[in-house]
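Residue-level listing of the chains:
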Amino acid sequence: MYNLLNDLSIIEVSSFVASPTAGLYCAQLGAEVIRVDHKAGGLDYKRYMLTREGRSLSWENLNRAKKSVALDLQSPEGRELLVELASAVGQCITNLPEQSFLSHAAMAARRADMISLRIMGWHDGRQAMDFTVNAAVGYPLMCGPEEWDPATAPPVNQVLPAWDFITGAYGAFAMLAALHHRSRTGEGSEVRLPLGDVAIGTLANSGTMAEMLYRGADRERLGNAIWGAFGRDFRAKDGKRFMVAALTPKQWSGLVKAFGIAAPMAALEAELGVRFADGDTPRFQHRARLFALFQSAAETMDYATLEARMTAEGCTFERYRTAHEAATDPALVAENPLFGPSPANPSGFAYPATRSFANFPGREVGDPRPAPYLGEHSEEVLADKLGLSSGAIGKLVDAGTVALSDKDRT
C-alpha cells in the first residue's frame, strides 16, 4: 500500500473480477476507491466460496482497501444519487452496460471533464466473461496432451480467469492515461475496454495470430512443453515433478551440467547433425529426443539432489506445488515482503494479504488494509463528496435509498 495516488478519488460500480481488479490496483497505490453497490450487495457479493459467517473470500480480496457505499440502485432516487456522486468525484470505473442509467453521457451532462472507464464484454455490446472469450480465441484447444487426436480431443480450460485480471490491469492503466490527458488538456474521456478485445488483442500481440495465418493451420498440442523453446515438466527419482525452462545460452548450459548429460548430449548432437547451444530452433525441433534424455537423467536423482545441482548452475526451474502448498510456502508468502499482516477482514478470517505488486524502494509501504463492510462508508462519502448533512442522510436511510454497514447482518 503506497500513497502515490492519495489525491485521487474514484467511484467504482462493479461486479465479479475485471472491474473490481482495476479499482483494487488503484487503491493499492493510494487512491480513494469508493465501491458503490446495491444495498443488498452486488452480483458478486456472495460469490463462492463463503465462510461460515456467509462472507465471500473472493469479494473480500478484490475489494481490499476500498470504501463501500450502499444505495438502492433499483430505485430512481438511488440511481440519481449514484450519478450525482460519480459526477462530483469526476472519475468512475464500472462494468454496467453503456445503455444504462450510469452512461457516460449521464455523468458528463453534470461534469464536462468526466472520465469513465467501462469494462465491456465484446466490442459490439454482446455479453462475455473470461471463460467464454477464452473459448473464442483458441487457447483451450491448444492445451492438453500432445498424443490426443485433434479431431476428438476436448478443450482444456485454464483455472485462472487470466483475461479478467489482464483487463483489470489494463483498465487501471487506461484510467491513469485518461487522468494524465485531462491534467494536460482539461478534457474528460470515455474509455470502453472490452474483455474480448483484450483476449483477441493479446493473441495478436503475442505473435500467435500471425503464426496461425502464416502456417495456415492450427498449432499442435504440446502437453506441458513450452512452445518454440526448451522447457517441460520432469519427474525425479522420488516422484516429485518440476518444471524447467531454457531460453538463454546460460540457462541451457546450466541444465546440461546440472543433469550431468554432457556426454550423451554430444552424442545426440553428432547423430542429428545439430548444435543445441545454437538456440531455440534446434532444441524445439528435437524436443522429443531431448525430453527423453533429460527424463532418463532425472530418474536417477531425488529432487533434493537435482534442486541443489540446478541452483548451483543458475538454472530456471521450480517444483510443482498445490495451491495449498503455495499458500503455506515460506519463500512465496511468509518471507515475501509483498504480504503484510492480516487486517481486520469482514469475514473474521485472518490470512496474509497483499500489498501493491510494484515495489518502490525508498518509499514507505503500509500494511494491507481490509475490505469494507457493505455500506460501511455510506454516510462518510455522502457527506464528504456531496456535502449532505447528517439529517439529509438520515432521511435517505429512513427512506431505504441509502443503507449503512452490514457488519451485524448475515
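Residues numbered from 1 in each chain as written. Predicted model: local features only at pLDDT ≥ 70, side-chain atom pairs only at ≥ 80, totals over all residues. Heavy atoms only, no water.

Enquirer: So what's going on with the overall build of the protein chain? Residues and values would help.
Expert: Check the secondary structure of the protein chain and you find 17 helices and 12 strands. When each of the 410 residues of the protein chain is scored for burial, the buried share is 46%. For the protein chain, the share of sequence-separated contacts (at least 6 apart) that also reach a separation of at least 24 residues comes to 68%. Entry remark: accessible area of the protein chain is about 20600 Å², with carbon and sulfur atoms responsible for 55%. Charged side chains of the protein chain number 41 positive and 48 negative; the gap between the two group centres comes to 2 Å. (Helix = DSSP H or I, 4+ residues; strand = E, 2+ residues; numbered from the N terminus. Buried < 20%, exposed > 50% of the residue type's maximum accessible area, 1.4 Å probe, protein only. Contact = heavy atoms within 4.5 Å. Areas by Shrake-Rupley, 256 points an atom, 1.4 Å probe, with all protein chains shown as cover. Lys, Arg positive; Asp, Glu negative; His and termini not counted. Charge placed at Lys NZ, Arg CZ, Asp CG, Glu CD.)

Enquirer: Describe the side chain of R283, naming the residues involved and giving the relevant values.
Expert: Within the secondary structure layout, R283 lies in helix α11 (residues 280-285). With sequence-adjacent residues up to four places away left out, R283 is seen in contact with F230, A246, L247, T248, W252, F276, A277 and L290.

Enquirer: Residues and numbers for the nonpolar core, please.
Expert: In this structure, L117, W163 and M175 are the most contacted members of the largest nonpolar core, which totals 35 residues. Contributions of two or more residues to this core are made by α1 (18-28), β5 (115-120), α5 (130-137), α6 (162-185), β6 (189-194) and α7 (195-205). (Core = buried A, V, L, I, M, F, W, Y, C linked by side-chain atoms within 4.5 Å.)

Enquirer: Which residues make up the sheet that holds strand β4 (residues 91-94), and what values go with them?
Expert: Taken in spatial order, the seven strands make up an open sheet running β6-β5-β4-β1-β2-β3-β12, and their pairing is mixed. Every other strand in the sheet has two partners, leaving β6 and β12 (402-403) as the edge strands with one partner each. Note: strand β1 (residues 9-13) against β4, three bridges, orientation parallel. From the neighbouring strand, E12 faces β4, where its bridge partner is I93. (Pairing = 2+ DSSP bridges.)

Enquirer: Break down the environment of G216 for me, with residues and values.
Expert: Looking at where G216 falls in the secondary structure, it is placed in the loop between α8 (208-215) and β7 (230-235). Given a relative accessible area of 65%, G216 falls into the exposed group. Distance in space between the C-alpha atoms of G216 and M49 is 43 Å, their sequence separation being 167 residues.

Enquirer: Can you tell me about the state of the cysteines, naming the residues and giving the values?
Expert: According to the stated counting rule, one finds zero disulfides in the structure shown. Cysteine C26 is unpaired, with the sulfur of C92 as its nearest cysteine sulfur at 12 Å. Classification of C26 by relative accessible area gives buried; the value is 2%. (Disulfide = S-S within 2.5 Å.)

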